[in-house]
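Chain by chain, the residues:
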Amino acid sequence: NAGVTQTPKFQVLKTGQSMTLQCAQDMNHEYMSWYRQDPGMGLRLIHYSVGAGITDQGEVPNGYNVSRSTTEDFPLRLLSAAPSQTSVYFCASRVSSGTGNTGELFFGEGSRLTVL
Amino acid sequence: AQKVTQAQTEISVVEKEDVTLDCVYETRDTTYYLFWYKQPPSGELVFLIRRNSFDEQNEISGRYSWNFQKSTSSFNFTITASQVVDSAVYFCALSGVPGYALNFGKGTSLLVTP
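Here's a quick rundown of the structure. For clarity, every value in this text was computed on a predicted model and none was experimentally measured.

### Looking at the sheet that holds strand E8 (residues 76-78) of chain A
Residues and elements named next belong to chain A.
Then, number 1: Pairing in this open sheet of four strands is antiparallel, and the strands run E1-E3-E8-E7 from one edge to the other. Strands with a single pairing partner mark the edges of an open sheet, and in this sheet they are strand E1 (4-7) and strand E7 (64-66). The average undirected angle you get between the axes of adjacent strands in this sheet is 20 degrees.
Then, number 2: As paired elements, E1 and strand E3 (residues 19-25) share four bridges and run antiparallel to each other. Bridge assignment links Gln-6 to a residue of E3, and that residue is Cys-23.

### So, the interface of chain B and chain A
Then, number 1: Contacts between the two partners involve 17 residues from chain B and, on the opposite side, 19 residues from chain A.
Then, number 2: Of the roughly 1500 Å² buried at the junction of chain B and chain A (both faces included), carbon and sulfur atoms supply 59%.
Then, number 3: It is Leu-45, Tyr-100 and Phe-104 of chain B that lose the most area in chain B upon contact with chain A, and together they represent 31% of the buried surface on that side.
Then, number 4: Connecting chain B to chain A are zero salt bridges.
Then, number 5: Counting every contact that joins chain B to chain A gives four residue pairs in polar contact (both at pLDDT 80 or more).
Then, number 6: Where the side of chain B that touches chain A is concerned, the elements lending two or more residues are strand E5 (33-39) and strand E6 (46-52) of chain B.
Then, number 7: Looking at the side of chain B that touches chain A element by element, the count peaks at three residues for E5 of chain B.
Then, number 8: Considered class by class, the residues forming the side of chain B that touches chain A number eleven nonpolar, four polar and two charged.

### Points about the layout of surface pockets
Then, number 1: Space inside the largest pocket adds up to approximately 590 Å³.
Then, number 2: In terms of lining, the largest pocket is formed by 28 residues, of which the most central are Gln-37, Val-88, Phe-90 and Arg-112 of chain A together with Gln-39 of chain B.
Then, number 3: Elements represented by at least two residues in the lining of the largest pocket include exactly strand E4 (31-38), strand E9 (87-94) and strand E11 (111-115) of chain A together with strand E10 (88-95) and strand E12 (108-113) of chain B.
Then, number 4: With three residues, the single largest contributor to the lining of the largest pocket is E9 of chain A.
Then, number 5: Tallied by class, the residues present in the lining of the largest pocket amount to seven nonpolar, 14 polar and seven charged.

### Quick look at the packing of aromatic side chains
Residues and elements named next belong to chain A.
Then, number 1: All chains considered together, the criterion is met by 20 aromatic pairs over all chains.
Then, number 2: Judged by centre distance (6.3 Å) and plane angle (85 degrees), the ring pair of Phe-90 and Phe-107 falls under edge-to-face. Here the residue Phe-90 occupies a position in strand E9, and Phe-107 occupies one in strand E10 (residues 106-107), the gap between them amounting to 17 residues.
Then, number 3: Phe-90 sits in the buried class, given a relative accessible area of 2%.

### Section: the pairing of E11 of chain A
Residue and element names in this part refer to chain A.
Then, number 1: Because side chains alternate across E11, one face comprises the buried residues Ser-111, Leu-113 and Val-115, and the other comprises Arg-112 and Thr-114, none of which is buried.
Then, number 2: Pairing between strand E2 (residues 10-13) and E11: four bridges, direction parallel. Looking across to E11, one finds that Phe-10 is bridged to Arg-112.
Then, number 3: Taken together, the three bridges between E9 and E11 define a ladder with antiparallel strand orientation. By the bridge assignment for E11, Tyr-89 is matched with Ser-111.

### Some words on the state of the cysteines
Then, number 1: On inspection of all chains with the given rule, the structure shows two disulfides over all chains.
Then, number 2: Residue pairing for Cys-23 of chain A: its cysteine sulfur links by disulfide to Cys-91 of chain A, the two sulfurs lying 1.9 Å apart. Every disulfide takes its handedness from the sign of the S-S torsion; for Cys-23 of chain A and Cys-91 of chain A that torsion is -75 degrees, giving left-handed. In this pair, Cys-23 of chain A sits in strand E3 while Cys-91 of chain A sits in strand E9, placing the two residues 68 residues apart along the sequence.
Then, number 3: Two residues, Cys-23 of chain B and Cys-92 of chain B, share a disulfide whose sulfurs are 2.0 Å apart. As the torsion about the S-S bond is roughly -65 degrees, the Cys-23 of chain B-Cys-92 of chain B disulfide counts as left-handed. Of this pair, Cys-23 of chain B sits in the loop between strand E3 (19-21) and strand E4 (24-26) while Cys-92 of chain B sits in strand E10, placing them 69 residues apart in sequence.

Cut-offs applied
- Residues numbered from 1 in each chain as written.
- Chains lettered and ligands numbered in written order.
- Predicted model: local features only at pLDDT ≥ 70, side-chain atom pairs only at ≥ 80, totals over all residues.
- Heavy atoms only, no water.
- Pairing = 2+ DSSP bridges.
- Helix = DSSP H or I, 4+ residues; strand = E, 2+ residues; numbered from the N terminus.
- Axes fitted to C-alpha atoms, helices over the stretch in contact; angles between N-to-C directions.
- Contact = heavy atoms within 4.5 Å.
- Buried area = accessible area lost by both parts, 1.4 Å probe.
- Salt bridge = Lys/Arg side-chain N within 4 Å of Asp/Glu carboxyl O.
- Polar contact = N/O pair within 3.5 Å; in protein donor to acceptor, adjacent residues only side chain to side chain.
- Nonpolar A, V, L, I, M, F, W, Y, C, P; charged D, E, K, R; others polar.
- 1 Å grid on protein atoms, 1.4 Å probe; cavity = no way out; pocket = protein on both sides within 12 Å on 5 of 7 lines; lining within 4 Å.
- Points joined across faces, edges and corners; volume = space filled by probe spheres on them.
- Phe/Tyr/Trp six-rings, centres within 6.5 Å; stacked < 30°, edge-to-face > 60°.
- Buried < 20%, exposed > 50% of the residue type's maximum accessible area, 1.4 Å probe, protein only.
- Disulfide = S-S within 2.5 Å.

Nothing here speaks to function; it is all geometry.
Below, the structure written as structure tokens:
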């Protein structure tokens, strides 16, 4: 059982380049989300999805795009990378609301992105 | 709006000392959920506990204990007889629905030295 898998784990970009951070989960979780972690800032929510075809913005969505075509995948796209997007990105998922939902978010191992 | 404050940025203790990590939260929701996560130096995020707003019972799990007080909007975390392996960043988090749109505090970095 792989859980939440993020790729790549490390990436260096130049300003203006675009890229996609991949996130896949094999737990049939309906809810998926992306966070960024910056020193002294904790984790901040970028985008989230409560199911296939449904996405919404979090606290810091600017410069990022998401889609949810399947339950398993939730890619995060950087449209035109900026140095301010240098960060560690975490994808997380959880079971849908209802019986047995402990609320626990399952996190991927993180993707460290550097924008020069 | 929901907000989580972890006023302690860094804490350093000597092994076997007890240490308490503070968490104060703000929310207008009558039902809400509080969480603690651990991030060891390896970087992964590990779920420790969830507490519902309607359940103020304190909880103990081995050397870990949590004190939830709605009257002071606090959800503090105590490690008894700390160990070097407890060295990590600890995050307190809050949501209106279990795990949904979790709002994290900025974290407390705990260093336990031998």
